[in-house]
Amino acid sequence: MRDVHVHFLHGNPIGYNIDLFEGFIKVAQAVGLDEIYMLEHTHQFTEFEKVYEPIKSYNDFQNN
């Protein structure tokens, strides 16, 4: 069995670290999962800011 929609940063102000990932892995193993897919939305990373430049000009909501 697998969980294909795991977000790590929701509610985690400290960001990524090995302990965070190991915690998710331990829980997955405990409930019998064979796989978990680690994913995040690109808008959370400054490296993707240029991708969102055209969208930010649509309105204040998108800019923020």
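Check the entry above for the structure.
Residues numbered from 1 in each chain as written. Predicted model: local features only at pLDDT ≥ 70, side-chain atom pairs only at ≥ 80, totals over all residues. Heavy atoms only, no water.

So, the overall build of the chain
The secondary structure content of the chain amounts to 3 helices and 2 strands. Buried residues in the chain amount to 17% of all 64 residues. Of the contacts formed within the chain by residues at least 6 apart in sequence, a portion of 61% connects residues at least 24 apart. Here the chain has roughly 5,300 Å² of accessible surface; of this, 57% comes from carbon and sulfur atoms. (Helix = DSSP H or I, 4+ residues; strand = E, 2+ residues; numbered from the N terminus. Buried < 20%, exposed > 50% of the residue type's maximum accessible area, 1.4 Å probe, protein only. Contact = heavy atoms within 4.5 Å. Areas by Shrake-Rupley, 256 points an atom, 1.4 Å probe, with all protein chains shown as cover.)

As for the layout of surface pockets
One number sums up the size of the largest pocket: a volume of about 260 Å³. Taken together, His43, Phe45, Thr46, Phe48, Glu49, Tyr52, Ile55, Lys56, Phe61, Gln62, Asn63 and Asn64 form the lining of the largest pocket. Mapped onto the lining of the largest pocket, the elements with two or more residues apiece are helix 2 (53–56) and helix 3 (60–63). A per-element tally of the lining of the largest pocket places helix 3 first, with 3 residues. Of the residues assigned to the lining of the largest pocket, the class counts are 5 nonpolar, 5 polar and 2 charged. (1 Å grid on protein atoms, 1.4 Å probe; cavity = no way out; pocket = protein on both sides within 12 Å on 5 of 7 lines; lining within 4 Å. Points joined across faces, edges and corners; volume = space filled by probe spheres on them. Nonpolar A, V, L, I, M, F, W, Y, C, P; charged D, E, K, R; others polar.)

Structural notes on the pattern of salt bridges
Applying the stated criterion across every chain, the model contains 2 salt bridges. Note that Glu49 and Lys56 form a salt bridge whose closest N and O atoms lie 3.6 Å from each other. Glu49 gets classed as partly exposed once you look at its relative accessible area, which sits at 42%. Between Lys56 and Glu53 there is a salt bridge, with its nearest N and O atoms 3.5 Å apart. You can see Lys56 and its partner Glu53 sitting in helix 2, 3 residues apart, about one turn around the helix. Taken together, the salt bridges that share partners define one network made up of Glu49, Glu53 and Lys56. (Salt bridge = Lys/Arg side-chain N within 4 Å of Asp/Glu carboxyl O.)

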